[in-house]
Amino acid sequence: MKAVLFEIKGKKYSCKPTFEVIEAIESSTGKGTLQLVREIINADYKMSELVKIVSCIVGAQSKELSMDKIADEVMGNVKTFSVPVVTYLVECNQGAVELETDVTDGGTEGNV
């Protein structure tokens, strides 16, 4: 999975999807990653959800970036944050198709 770049308060954060972050996003929003992608693309989401998602993603990089510290910046720059959020959420789901298996019991090798 590829890292996605977020810029907050003038500092850049390269954020690679991890299970812990995915779990935090799903727990804080009560929604799965693909549902969130659909909602953001269709502009059918709550602002608080976007703030929670960004907080989960960059919060894993820096504990100084709590939700209350980034909320105003995210709300003031929705377009700036919605694109990397969607990219990040899509990357979360790309791992499933990039897994390679090595079947050694007479099967074949290939991509799953």
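Reading the values: the criteria
- Residues numbered from 1 in each chain as written.
- Predicted model: local features only at pLDDT ≥ 70, side-chain atom pairs only at ≥ 80, totals over all residues.
- Heavy atoms only, no water.
- Helix = DSSP H or I, 4+ residues; strand = E, 2+ residues; numbered from the N terminus.
- Polar contact = N/O pair within 3.5 Å; in protein donor to acceptor, adjacent residues only side chain to side chain.
- Contact = heavy atoms within 4.5 Å.
- Axes fitted to C-alpha atoms, helices over the stretch in contact; angles between N-to-C directions.
- Parallel < 35°, antiparallel > 145°, perpendicular 65-115°, else oblique.
- Left-handed = near helix turned anticlockwise from the far one by under 90°.
- Core = buried A, V, L, I, M, F, W, Y, C linked by side-chain atoms within 4.5 Å.
- Buried < 20%, exposed > 50% of the residue type's maximum accessible area, 1.4 Å probe, protein only.
- pLDDT = per-residue confidence, 0-100.

Draft legend 1. The arrangement of the side chain of Ser-55 in detail. Tracing the backbone through its elements, the reader meets Ser-55 in helix α3 (residues 47-59). A polar atom in the side chain of Ser-55 sits 3.4 Å from the backbone nitrogen of Met-67. Each residue touching Ser-55, except ones within four places of it in the same chain, is listed here: Ala-60, Leu-65, Ser-66, Met-67 and Ile-70.

Draft legend 2. Structural detail: the packing of α3 against helix α4 (residues 67-76). It is at 9 Å that the axes of α3 and α4 come closest, and there the two elements cross at 125 degrees. In terms of orientation, α3 and α4 fall into the oblique class. The two elements α3 and α4 cross, and the hand of that crossing is right-handed. Contact with α3, carried on its side by Met-47, Leu-50, Val-51, Lys-52, Val-54, Ser-55 and Val-58, involves Met-67, Ile-70, Ala-71, Val-74 and Met-75 of α4 and no other residues of that element.

Draft legend 3. The nonpolar core, seen in detail. Counting residues in hydrophobic clusters, the biggest one holds 28 residues, and the most contacted among them are Phe-6, Ile-25 and Tyr-88. Counting residues per element, this core draws most heavily on α3, at 7 residues. For Tyr-88, the contacting residues outside a window of four places in its chain are Val-4, Phe-6, Cys-15, Lys-16, Pro-17, Thr-18, Val-21, Ile-25 and Ile-57.

Draft legend 4. Region of the structure containing the environment of Leu-36. As for its placement among the helices and strands, Leu-36 is situated in helix α2 (residues 33-41). Those residues in contact with Leu-36 that sit more than four places away from it in its chain are Ile-25, Thr-29, Lys-31, Ile-53 and Leu-89.

Draft legend 5. Region of interest: the confidence of the model for the chain. In this model, the chain carries a mean pLDDT of 83, and residues with pLDDT of at least 70 account for 84%. Predicted confidence is poor over residues 96-112, with pLDDT under 50, and the contacts of this stretch with residues over four places away or in other chains come to 12 contacts.

Draft legend 6. Structural detail: the side chain of Thr-33. Residue position: Thr-33 is located in helix α2. Classification of Thr-33 as buried rests on a relative accessible area of 6%. Side chain to side chain, Thr-33 and Asn-93 meet in a polar contact 2.9 Å long. In contact with Thr-33, not counting residues within four places along its chain, are Ile-22, Glu-26, Leu-89, Cys-92 and Asn-93.

Draft legend 7. A look at unusual backbone geometry. Positive phi, normally seen in glycine, also occurs at Lys-9, with a value near 55 degrees. Of note, Lys-9 is situated in the loop between β1 (4-8) and β2 (11-15). Classification of Lys-9 by relative accessible area gives exposed; the value is 54%. One non-glycine residue, Ala-43, adopts positive backbone phi at about 55 degrees. As for its position among the elements, Ala-43 is in the loop between α2 and α3.

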